[in-house]
Amino acid sequence: MAQALVLEERGKLSLREIALDDTLGPDDVRIAIHTVGICGSDVHYYTHGAIGPFVVRDPMVLGHEASGVITAIGERVTTLKIGDRVCMEPGIPDPLSRAARLGYYNIDPAVRFWATPPVHGCLTPSVVHPAAYTFRLPENVSFAEGAMVEPLAVGVHACVKAKIQPGDVCLVTGAGPIGIMTALSALASGASQVFISDFSAPKLAIAGRYANIVPINLAETKPAERIAARCGEGWGVDVTFEASGFETAYQDALDCTRPGGRLVLVGMPPRKIAFDIVAAQAKELSIETIFRYAHVYDRAIALIASGSIDLKPLISGSFPLSEGIAAFERAAEGRPEDVKLQITL
């Protein structure tokens, strides 16, 4: 039995003992969890009890953005050792699946992802995880930053799919945690300037503290007007990342992207939306989609360690596990000044 933060059912959390499988396989490592970030999906399961087809039917341990210290290694593990500070990629695919063998392990239909029903998450003192999806943290990367590698990996993956060129001008629609991290990833990938749009003035203010990120407050102006002033009438940004999932943002993305530009769909709308295909065709936009990430954890860690991306200003609060329920209640409030809340064990 292990203590854990458990989602019992929609709207009900408890901090209690729960039986979890902690069998250490030959290719696994055991990790003492240090820091876990609260993700929007965790909050959505807490407040709604489901995300699409993934429904919480039994008690489930939450959390999938984590860092910690290795306390034991399997007999075949040679790349990690006891005492290593690490972060973990929370999706475990079937290595023999067709998707995994093609390199697209993130879209393996059989992937087991922490805190996605019925798979337990990592808000518990110790977990067992495959060494292949466990990454050593450099000495200058803190546990708090290590726990943010998971959401940062989404932005890095989006930029890899965008094929950013040196000097590109970009737009990110949505200034939530993923939107801001996507903007930072774009700059680190070679973009010269990134516009970011949202209705939340506090989040835009946080994003705007970074050099070469230009906030656009949707309550005050239309993105197309700001983009035209920068890129010229009838033109637009080289790459747009839609990171909000809001229906109106898709039209902004089409209006603001230049002919022959690239559009990357990062945010997930809660329902089907209308999309102007002809507008995209008339500009011959290249459209990419992403689902989580693949093959970018090492890149994300390197960007933090090198100083190319500074995530520390995005950490809005940290709570001990004993106050984990209060942390989730605050996350569910959706305070506009909060970007990332974390729980330490």
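Residues numbered from 1 in each chain as written. Predicted model: local features only at pLDDT ≥ 70, side-chain atom pairs only at ≥ 80, totals over all residues. Heavy atoms only, no water.

Got a sec to walk through helix H7 (residues 223–231)? Specific residues and values, please.
Taken as a whole, H7 has its buried residues at Pro 223, Ile 227, Ala 228 and Cys 231. End-on, the buried residues of H7 take up no more than an arc of 130 degrees, which puts them together on one face. On the buried face of H7, the contacting elements are strand S13 (169–173), strand S14 (193–198), strand S15 (213–217), strand S16 (237–242) and helix H8 (247–256). Just downstream of H7, Gly 232 is the residue with a positive phi angle, here 105 degrees. (Buried < 20%, exposed > 50% of the residue type's maximum accessible area, 1.4 Å probe, protein only. Helix = DSSP H or I, 4+ residues; strand = E, 2+ residues; numbered from the N terminus. Arc of directions from axis to C-beta. Contact = heavy atoms within 4.5 Å.)

Pulling in residues and values, what's your account of the pairing of S15?
Both faces of the sheet carry side chains from a regular strand, because those side chains alternate between them. With 4 of its 5 residues buried, S15 lies for the most part within the structure. In terms of strand pairing, S14 meets S15 through 5 bridges, oriented parallel. Each residue of the ladder has a partner; that of Asp 198, found in S15, is Asn 217. For the handedness criterion, the β-α-β arrangement of S14, helix H6 (residues 201–208) and S15 is classed as right-handed. (Pairing = 2+ DSSP bridges. Right-handed = clockwise from strand over helix to strand, strands pointing away.)

Can you lay out the environment of Thr 240 for me, pointing to particular residues and giving the numbers?
On the secondary structure map, Thr 240 appears in strand S16. In this structure the C-alpha to C-alpha distance between Thr 240 and Gly 261, which are 21 residues apart in sequence, comes to 8.1 Å. Leaving out residues up to four positions away in the same chain, Thr 240 has contacts with Leu 171, Ala 253, Cys 256, Thr 257, Arg 262, Leu 263 and Val 264.

Run through the UniProt feature "domain: Enoyl reductase (ER)" (unreviewed entry) in the protein chain, naming residues and quoting values.
Listed under "domain: Enoyl reductase (ER)" (unreviewed entry) in the UniProt record, and renumbered for this structure, are residues 11–336. From the first C-alpha to the last, residues 11–336 spans 21 Å; its make-up is 29% helix and 27% strand. (UniProt positions renumbered as here; feature names shortened; annotations may be inferred.)

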